[in-house]
Amino acid sequence: MRTRWYLLCLLFSFSLHAAFPQSIYDYDIKHWNSADGLSSNSARTLTQDSTGYIWVGTLFGLNRFDGYSFESFTTQQHRQLASNAINVLLTDSQGDIWVGTKAGLSLLDPHQLSFERLNILTEVTALAEVRPGEVWVAAEQLFRVREGEISRISSIREPVSQLRVSGSYVWLTTSSELIRYDMSNGEQQRYPLPAELKQNPIYDISVYDDELHLASELGYYRLTSSGTIERCGLLQQDNNAIYRIFRDQQGADWVSSYSQLYHRHFGQNWQHISSNELGSAPWFYDIFEDRDHNIWLASFSDGIFRASPGHVRRIVGQGQHDAVVRSVAVTPEQRLLIATQSGLGYLSRQGYFQSLLSEAELGSQTIHDIFFHTEHWWLATDVGVYQFEPETKYLTPIFPELQGSTVRLVQPRAEGGVWIGGSAGLYYWQDEQLHPFLLNRELESRNVTVMSDQVWYQVIGSSRGLYQLQQNRLQRLGIGTPLYNSYITAMLVLPDDHLLVGTLDDGFFIRYPDNEWVQFDNSNGLPHSPVVSILFDEMHQQVWLSTLKGVFRFSMDRLPTFRSEPFQAEHVLTPYQRQLGTAPGRCCNGAGHAKVAMWHDQLWYPSLQGVVAIERDFRVKEDQDFRPVLQHLTGQRHYQLIPDRQRLVLPMNERSVSLHYTALDFFNAQALDFRYQLNGFDVDWQYAGSRREAIYTNLLPGNYQFSLQVRHQNQSWSDAQGTSLTLMVPRRFDETTLYRALWLALLAMIVYAVFWLFRRNHLMQQHELARLVRQRTQELENSNNRLNDLNEQLGQLVHKDTLTGLRNRRFLFEQLPKDIEHYQRNRESLEQQGKCVALIHLDLDNFKLVNDQFGHSAGDSLLQQVSGLLLRETRGSDYVVRYAGEEFMLVLRDIGMDLLWDFVNRLHQLTSTTRFQLPDGESMSLSCSIGYSIYPLQLIGGQLINWEISLQLAEMALYRVKHAGKNGVATLVFDQQVDAFEFEDSLHIEAQIEQLLAEGLVRFELTAAGSRSES
């Protein structure tokens, strides 16, 4: 027993698999923190409810997560939540969630989202459901909660820190002992803690294979067969704290330590992930496995992580010192050969790397292609072609004509010999001699990148287009299409004569046998680009494509549909998938021809972190069910929608509602598309994209069926999943037939009474009615007139300038934020149209002299005339504000940026050339200075800068005109390198602008007296 324990503690075991051993890098990882909406980066505990939501307890609230957004629950919203500092969560067999906090215990109904405060008022450190309906709570004492009744377990009087249920036993820890409690008879077995462990925190108890482990502040401990508790080293990390010890349902072990996460597949060696590989310190307080076997990690300081078993394996061979792989190939002996950034070697099926060439021998050259020629190998490198003898490991440069040039391809020639292509053009080797391609001079660029040699013709790809060689004639392909001058990165001729072409910047092209070209890019379905390799799997009749961001494939029978439909492919590896220890979106790279290899029914791709292996008969696993979930309905009241609820009856006055929905997808929630339809109201489906809300107003009484569907972006709506809810809007009494009948009866009685009275006293009624009508009409008119007068006076006092009739500063600062909010809501559309919000600050030059020379009445008259001119020159959607004295502010909403400079200069010229009348009959001209700015600013992240900055920049431009001699127009122009972070400190904008001016990253564009200059 002791020997076995020491072997476990040393974390060493030998692989039992003949194939590549499983690796921690096989897990896809995703990360969320407070930037994604989590209430705090300090996550402490995790659980999952029966619907599938992940619940996260943090130091600043409880969070419900659907894969897309977090919904926070705090004591400010829910008074029955004991505290915002959540220690532990437990989902019991009834589906309720127990919430242990720093200040007590609460019970949450996850369907109704209602909390119940339980009468345990001290800090809760652990929870365990010892049997269905009975939960034990570790606090200042050990409590039992059964059928709503709380009682103390009197046999254990010490404060309990941790609980763990194992069979009929409950294991618990106090400050000095480990206790085993027998549920069948109540007997206790106590084990004293070692002296150094007493009064130190115990973070976890785990019981696997009838062996008990303790995670503590002092490290990893175990309970021996003799009943003593002793330390056990974890990869020589004896002094580091251990926080969680966890075994998942596949038998893999996870151990969280300070700054390290350890993992071991069943029967294999331990691996670890550090902060360098994860991107943040892996200081995980809780480890949780959901119903789909995803592993969730709660970090002390960096939110939560999800690790899921990936269908793509990433392998860095044991003994492989350089993880960056540039090329892959399969030798004639069916061995996998990989060229790293600094060497060449074999990768065995057991995951061992056998070096053939080191960096010193290869000279830090990248191998672009490998050709197996009899007993020698030809290596295409950055500096020519080398001949390598694998038996003697002798490396010799060959073909002096190519020395110093980059060679990207070496491949067999259909007519015999070998094609060699690269930056020096195309060559062929035949009869022991190297011959230049006779038509090299007809290539616009001699940088040959790819080639396909068919018996009847050859296709040559270069950095400037694609060519077809047939009957000794070179024909350029793709004339009239973007392919004409494209950099060709990959190419494949299919057996049915379809030509597939990948380019660097112009997407993916298909040439059909009838010579029709079809281009695909991000606008019509291409998932990501550039395409760097294309492989045809004849057995499964599938085409595989790899890019720098992932791998996708399509079936041959899809080719005819691509003529008229968007490109639809099956995603195998996406940019959203990130393996543990790797950066996201970095597969697959490669060099030259050797970007993919088929070996042992797997496709092998080079990447920046080893090689990526994908099964040839790979099937996309059915991820968790992302069937849409209706969350709640909001109107005058809030209605929580219980899962699988089929019908909701609204109150009679509830006619405008907002339906909130989601779909549980923790893998790629951003790629979900929604659409909905309210049958009885909507004529057709309403496409919502990623929006998760449907709004309806003025619903008529009746029964409605709200249908909701969700799909992944690469799926068709026929594959979508859906749910529905029947909404019943009852009729109010005033909408019923009885109500109308009563009104009709009452109306008939009134008509009869009026007719009878009319016959009796016709003249008297006529005169009285006329008098009353005149009197009431006059009263109403008088009241309306007074009300209108008061409203006009109030409006003028609040928002109008009494002298000019223009809007005043108060109106500007109330209205401008609304205009900016309107722009933000429509930002994407307006930016595509090149529109912005313009702020034009105009100041009349030397206006004080006018008042001094002609008097204030003349000055007031000139201000009124200038105001009229500005109103005439602006659109109805714009407004003019008297900003201060002789200063005016023009706000132009949704104006094209290409029209703004001409408009401002025309306004300046018109103001300067207009003759304004003085009260004495004379006329005079005025000059003005104008500074303007726009929102959003034309710099990186300009939409993040608030409108007050734009207003300040317009004022600074105005002052620049003043300092330059007045009578001009100025604005600030930013360099493309400037981003929004330059303006984080809005209190010192002038100093920041001066610094940018000094660095040449911003300039004033100034028009003064008809001349234009930059400064």
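Please read these numbers as outputs of a predicted model, since none were measured by experiment.

A.B. asks: An account of the overall build of the protein is needed here, citing residue identities and associated values.
C.D. replies: Looking only at helices and strands, the protein has 12 helices and 75 strands in total. On C-alpha atoms alone, the protein measures out to a radius of gyration of 38 Å, which is more than a quarter above the 31 Å that the 2.2 N^0.38 rule sets for 1015 residues. With respect to the principal axes defined by its C-alpha atoms, the protein has extents near 120 × 95 × 65 Å. By residue count, 52% of the 1015 residues in the protein fall in the buried class. Sequence separation of 24 or more characterises 53% of the internal contacts of the protein that already satisfy a separation of 6 or more. Accessible area for the protein stands at about 47,400 Å²; split by element, carbon and sulfur atoms hold 49% of it.

A.B. asks: Now, about the UniProt feature "transmembrane region" (unreviewed entry) in the protein: what can you tell me, with residues and values included?
C.D. replies: Under the local residue numbering, the UniProt record ascribes the feature "transmembrane region" (unreviewed entry) to residues 738–758. Counted over residues 738–758, helix gives 100% and strand 0%. Its end C-alpha atoms are 30 Å apart.

A.B. asks: Before we move on, can you summarise the nonpolar core with the specific residues and values?
C.D. replies: In a soluble, globular protein the nonpolar side chains are often hidden away together inside. Core analysis: the biggest nonpolar cluster contains 33 residues, and Ile840, Leu844, Leu870, Phe888 and Leu900 have the highest contact counts within it. Going through the elements one at a time, β67 (835–844), α8 (847–854), α9 (856–873), β69 (887–896), α10 (897–913) and β72 (928–935) are the ones with two or more residues in this core. No other element matches α9, which puts six residues into this core. Other than its neighbours up to four places away in sequence, Phe888 contacts Leu806, Ile840, His841, Leu842, Leu844, Leu863, Val866, Ser867, Leu870, Val881, Arg882 and Tyr883. Core analysis: the next-biggest nonpolar cluster, separate from the first, contains 26 residues, Phe626, Leu630, Tyr676 and Leu727 among them.

A.B. asks: Any chance you could break down the sheet that holds strand β38 (residues 407–412) for me, citing the residues and the numbers?
C.D. replies: The four strands lie next to each other as β38-β39-β40-β41, forming an open sheet whose pairing is antiparallel. Because the sheet does not close on itself, it has two edges, and the strands there are β38 and β41 (433–436). Strand-to-strand twist in this sheet, taken as the mean axis angle between neighbours without regard to direction, amounts to 25°. One ladder, built from four bridges, connects strand β40 (residues 425–430) with β41; its direction is antiparallel. Bridged to Tyr428 within β41 is His435.

A.B. asks: Before we move on, can you summarise the pattern of salt bridges with the specific residues and values?
C.D. replies: Applying the stated criterion to the full structure yields 37 salt bridges. Between Asp819 and Arg893 there is a salt bridge, and its shortest N-O distance comes to 2.9 Å. Here Asp819 is found in helix α6 (residues 809–825), whereas its partner Arg893 is found in strand β69, with 74 residues between them in sequence. For Asp819, a relative accessible area of 6% puts it in the buried group. The partly exposed category is assigned to Arg893, whose relative accessible area is 24%. For the salt bridge of Glu873 with Arg906, the shortest nitrogen-to-oxygen distance reads 2.7 Å. Taken together, the positions of Glu873 in helix α9 and Arg906 in helix α10 put the pair 33 residues apart, joining distant regions of the chain. A residue is classified by how much of its surface remains accessible, and Arg906, at 41% relative accessible area, is partly exposed.

A.B. asks: Before we move on, can you summarise the packing of α9 against α10 with the specific residues and values?
C.D. replies: For any two helices packed against each other, the geometry is given by the interaxial angle and the distance between the axes. Running from amino to carboxyl end, α9 crosses α10 at an angle of 150°, the nearest separation of the two axes being 11 Å. Note that α9 runs across α10; the crossing there is right-handed. Here α9 contributes Leu869, Leu870 and Glu873 to the contact with α10, which in turn contributes Phe903, Arg906, Leu907, Leu910 and Thr911. Of the residues that constitute the contact of α9 with α10, the class distribution is five nonpolar, one polar and two charged.

A.B. asks: Requested: an account of the layout of surface pockets, with residues and values cited.
C.D. replies: In this structure, the second largest pocket occupies an estimated 1,100 Å³ of space. As for the second largest pocket, its lining consists of 41 residues, of which Leu89, Leu90, Leu127, Arg164 and Asp286 are closest to the centre. Looking at the lining of the second largest pocket, the elements that each hand over two or more residues are β2 (43–48), β6 (86–91), β10 (126–131), β14 (162–166), β18 (202–208), β22 (242–247) and β26 (284–289). No other element matches β18, which puts seven residues into the lining of the second largest pocket.

A.B. asks: Help me get a handle on α6, residues and values and all.
C.D. replies: In this model α6 runs 25 Å from its N-terminal to its C-terminal C-alpha over 17 residues, within 8% of the 24 Å that 1.5 Å per residue would give. Considered for burial, the residues of α6 that qualify are Phe811, Leu812, Gln815, Leu816, Asp819, Ile820 and Tyr823.

A.B. asks: Outline a nonpolar patch on the surface, listing residues and values.
C.D. replies: On the surface, Trp743, Leu746, Ile750 and Val754 cluster together into a nonpolar patch covering about 380 Å² of accessible area. Looking at where Leu746 falls in the secondary structure, it is placed in helix α4 (residues 737–760).

A.B. asks: Go over the confidence of the model for the protein, please, and point to the residues and values.
C.D. replies: The predicted model of the protein has a mean per-residue pLDDT of 87, with 92% of residues at 70 or higher. Ranking the elements of the protein by mean pLDDT puts helix α1 (residues 2–9) last with 37 and strand β3 (residues 54–58) first with 97. This stretch, residues 1–19, has a pLDDT under 50; its non-local contacts, to residues over four places away or in other chains, come to 44 contacts.

A.B. asks: Hey, could you go over empty space enclosed by the protein for me, with residue numbers and the actual values?
C.D. replies: This structure, assessed with the given rule, holds three cavities of 30 Å³ or more. Size it by volume and the largest cavity reaches roughly 70 Å³. Around the largest cavity, the lining residues are Asp49, Thr51, Tyr53, Arg64, Pro110, His111, Val629, Leu630, Gln631, Gln640, Leu641 and Pro643.

A.B. asks: So what about α9? Which residues, and what values?
C.D. replies: For α9, which comprises 18 residues, the first-to-last C-alpha distance of 26 Å matches the rise-based estimate of 26 Å (1.5 Å per residue) to within 8%. Listed as buried for α9 are Ala858, Gly859, Ser861, Leu862, Leu863, Val866, Ser867, Gly868, Leu869 and Leu870.

A.B. asks: Talk me through the sheet that holds strand β15 (residues 169–173); I want residue IDs and the actual numbers.
C.D. replies: Spatial strand order, β14-β15-β16-β17: four strands in an open sheet with antiparallel pairing. Of all strands in the sheet, those with a lone pairing partner are β14 and β17 (188–192), marking the two edges. With strand direction ignored, the average angle separating the axes of adjacent strands in the sheet is 15°. Relative to β15, β14 runs antiparallel, the two sharing five bridges.

A.B. asks: Describe in detail the packing of aromatic side chains, supporting the description with residues and values.
C.D. replies: For the structure on display, the rule yields 47 aromatic pairs. Between Phe65 and Phe70, the ring centres sit 4.1 Å apart and the planes meet at 10°, which makes this aromatic pair stacked. We note that Phe65, like Phe70, is buried. Aromatic pair Trp296 and Phe666: ring centres 5.1 Å apart, planes at 85°, arrangement edge-to-face. Of this pair, Trp296 sits in strand β27 (residues 295–299) while Phe666 is found in the loop between β61 (657–663) and β62 (672–679), placing the two residues 370 residues apart along the sequence. Of the two residues, Trp296 and Phe666, both sit in the buried class. Connected via pairs of aromatic rings, a cluster forms that spans Tyr203, Tyr243, Tyr258, Trp283, Tyr285 and Phe300. Above the ring of Trp419, the side-chain terminus of Arg413 is found at 5.2 Å from the ring centroid. The ring of Tyr68 has Arg692 sitting right over it, with the charged end atom 3.6 Å from the ring centre.

A.B. asks: So, the environment of Arg157: which residues are in play, and what are the values?
C.D. replies: Assignment of secondary structure puts Arg157 in the loop between β13 (149–152) and β14. In this structure Arg157 comes out as exposed when scored by relative accessible area, which is 62%. Taking the C-alpha atoms as reference, Arg157 lies 8.9 Å from Glu140; in sequence the two are 17 residues apart.

A.B. asks: Any details on the packing of helix α11 (residues 947–963) against helix α12 (residues 989–998)? Residues and values, ideally.
C.D. replies: Between α11 and α12, whose axes approach to 11 Å, the crossing angle comes to 65°. As for how α11 packs across α12, the hand of that crossing is right-handed. Within the contact between the two elements, α11 uses Ile949, Gln952, Leu953, Met956 and Arg960 and α12 uses Ile989, Glu990, Ile993 and Leu997. Split into classes, the residues belonging to the contact of α11 with α12 amount to six nonpolar, one polar and two charged.

Conventions adopted
Residues numbered from 1 in each chain as written. Predicted model: local features only at pLDDT ≥ 70, side-chain atom pairs only at ≥ 80, totals over all residues. Heavy atoms only, no water. Helix = DSSP H or I, 4+ residues; strand = E, 2+ residues; numbered from the N terminus. Rg over C-alpha atoms; globule rule 2.2 N^0.38 Å. Buried < 20%, exposed > 50% of the residue type's maximum accessible area, 1.4 Å probe, protein only. Contact = heavy atoms within 4.5 Å. Areas by Shrake-Rupley, 256 points an atom, 1.4 Å probe, with all protein chains shown as cover. UniProt positions renumbered as here; feature names shortened; annotations may be inferred. Core = buried A, V, L, I, M, F, W, Y, C linked by side-chain atoms within 4.5 Å. Pairing = 2+ DSSP bridges. Axes fitted to C-alpha atoms, helices over the stretch in contact; angles between N-to-C directions. Salt bridge = Lys/Arg side-chain N within 4 Å of Asp/Glu carboxyl O. Left-handed = near helix turned anticlockwise from the far one by under 90°. Nonpolar A, V, L, I, M, F, W, Y, C, P; charged D, E, K, R; others polar. 1 Å grid on protein atoms, 1.4 Å probe; cavity = no way out; pocket = protein on both sides within 12 Å on 5 of 7 lines; lining within 4 Å. Points joined across faces, edges and corners; volume = space filled by probe spheres on them. Expected span 1.5 Å × (residues − 1). Patch = residues over 30% accessible without salt bridge, like charges linked within 9 Å, V, L, I, M, F, W, Y side chains within 5 Å. pLDDT = per-residue confidence, 0-100. Phe/Tyr/Trp six-rings, centres within 6.5 Å; stacked < 30°, edge-to-face > 60°. Lys NZ or Arg CZ within 6 Å of the ring centre and 35° of its normal.

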